[in-house]
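Here's the letter readout for the chains.
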Amino acid sequence: MTDRGVLSTHDRKIPAVRRTIRTVQTLLLGGLLLIGLGPVLWLAKAAITPTQDTLRAPLALWPNGFDFANLVTAWTRVEIDKYFLNTVLLAFGAWAVQLLVAMTAGFALSVLRPRYRKFVTGVVLATLFVPSVVLLVPLYLTITDLSLINSFWAVWLPAGANAFNVLLVQRFLDGLPREVFEAATVDGAGPLRLFVSVVLPMSRPILGVVSVFAVIASWKDFLWPMLVLPDPAVQPLSVRLPALQRFVELDVFLAALAISTLIPVALFLVFQRLFLNGSALSGAVKG
């Protein structure tokens, strides 16, 4: 027996039903495109539109022409280049720390499988139920005691304590064939060689997924960088742009916002296949 949906195969052959299904699918697809791409496309348009045109006709397509000087002004006079570099450095460090912690912890729990594996997995899982706001004050006091205020390490080190990435990598590695690990161990490979030569090459899909999650989370983080990086010279775009809003023109501010979205959009375009086909997450949800 085949699974039956809302409409049977016979119903789908009726011309009126087929037209209705196509109409509904088209409307749903158009709505999703409007909701998902609409704000991004509007921001890209507003970035090269004069302020008066944006205020008078926000949905019109450049009634008085383009103004590419907005991008140049945002990059130079507003010093978006400096804050953009700070954001890239913060995202790169957070990505490296999260990847290191997630891969090594997932490797230890899934491949090496110590006796206390279930206990550690339960503790890591339990941390997901603790609200991040509860940890804000003790974490800030710890960073203060370590004299890491206005240091990128104040953002990088806490980023490594990401239980979701650890569990994601662990479940992915659980779905890999253990015969490969056992064969490598029989051939004399130690834990380090097993991790570098066998596990990492087989973990490219999950490495891409964790990388995207880490970079985007760091790119949009606002509260924690604002607390531990009070010096404007080291602040990222997510913290500095709201503070600059009152001092710059609307068109320049929108151009700065458009520049700040380049990296997340580029990451999605590069790694979109990992999300659309779900191959990288298949091991994470197996069993």
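Predicted model, so just to flag it, every value in this text is computed and none were measured.

## Overview of unusual backbone geometry
- Of note, Trp 62 is a non-glycine position whose phi angle comes to about 50°, a positive value.
- Summarising the element assignment, Trp 62 is placed in the loop between α3 (51–56) and α4 (69–76).
- Even without a glycine there, the phi angle at Ser 147 is positive, about 55°.

## Comments concerning the pattern of salt bridges
- This model, assessed by the stated rule, comprises four salt bridges.
- With its nearest N and O atoms 3.9 Å apart, the salt bridge here joins Arg 113 to Asp 174. Here Arg 113, found in the loop between α5 (80–112) and α6 (117–126), pairs with Asp 174, found in helix α9 (residues 163–174); they are 61 residues apart in sequence, far enough to count as distant.
- Given the relative accessible area of 25%, Asp 174 is considered partly exposed.
- A single network of salt bridges, built from pairs that share partners, joins Arg 113, Arg 117, Arg 171 and Asp 174.

## Some words on α9
- A rise of 1.5 Å per residue sets the reference length of α9, with its 12 residues, at 16 Å; its end C-alpha atoms lie 16 Å apart and thus fit the reference within 8%.
- The buried count for α9 comes to nine of 12 residues, which makes it a mostly enclosed element.
- Where α9 is concerned, the buried positions are Ala 163, Asn 165, Val 166, Leu 167, Leu 168, Val 169, Gln 170, Phe 172 and Leu 173.
- At the N-terminal boundary of α9, the capping side chain belongs to Asn 162, with an oxygen 3.2 Å from the backbone nitrogen of Phe 164.

## With respect to the nonpolar core
- If you look at the biggest cluster of nonpolar residues, it comprises 23 residues, and the most contacted ones within it are Ala 74, Val 78, Ile 80, Leu 237 and Leu 241.
- Ranked by residues supplied to this core, first place goes to helix α15 (residues 250–260) with seven residues.
- Within the second largest apolar cluster, 21 residues are counted, among which are Met 103, Phe 181, Leu 194 and Leu 207.

## So, the environment of Phe 172
- Within the secondary structure, Phe 172 sits in helix α9.
- Considered as a pair, Phe 172 and Trp 224 are 52 residues apart in the sequence and their alpha carbons are 30 Å apart.

Quick notes on the rules
Residues numbered from 1 in each chain as written. Predicted model: local features only at pLDDT ≥ 70, side-chain atom pairs only at ≥ 80, totals over all residues. Heavy atoms only, no water. Helix = DSSP H or I, 4+ residues; strand = E, 2+ residues; numbered from the N terminus. Salt bridge = Lys/Arg side-chain N within 4 Å of Asp/Glu carboxyl O. Buried < 20%, exposed > 50% of the residue type's maximum accessible area, 1.4 Å probe, protein only. Expected span 1.5 Å × (residues − 1). Polar contact = N/O pair within 3.5 Å; in protein donor to acceptor, adjacent residues only side chain to side chain. Core = buried A, V, L, I, M, F, W, Y, C linked by side-chain atoms within 4.5 Å.

That is the geometry; function is a separate question.
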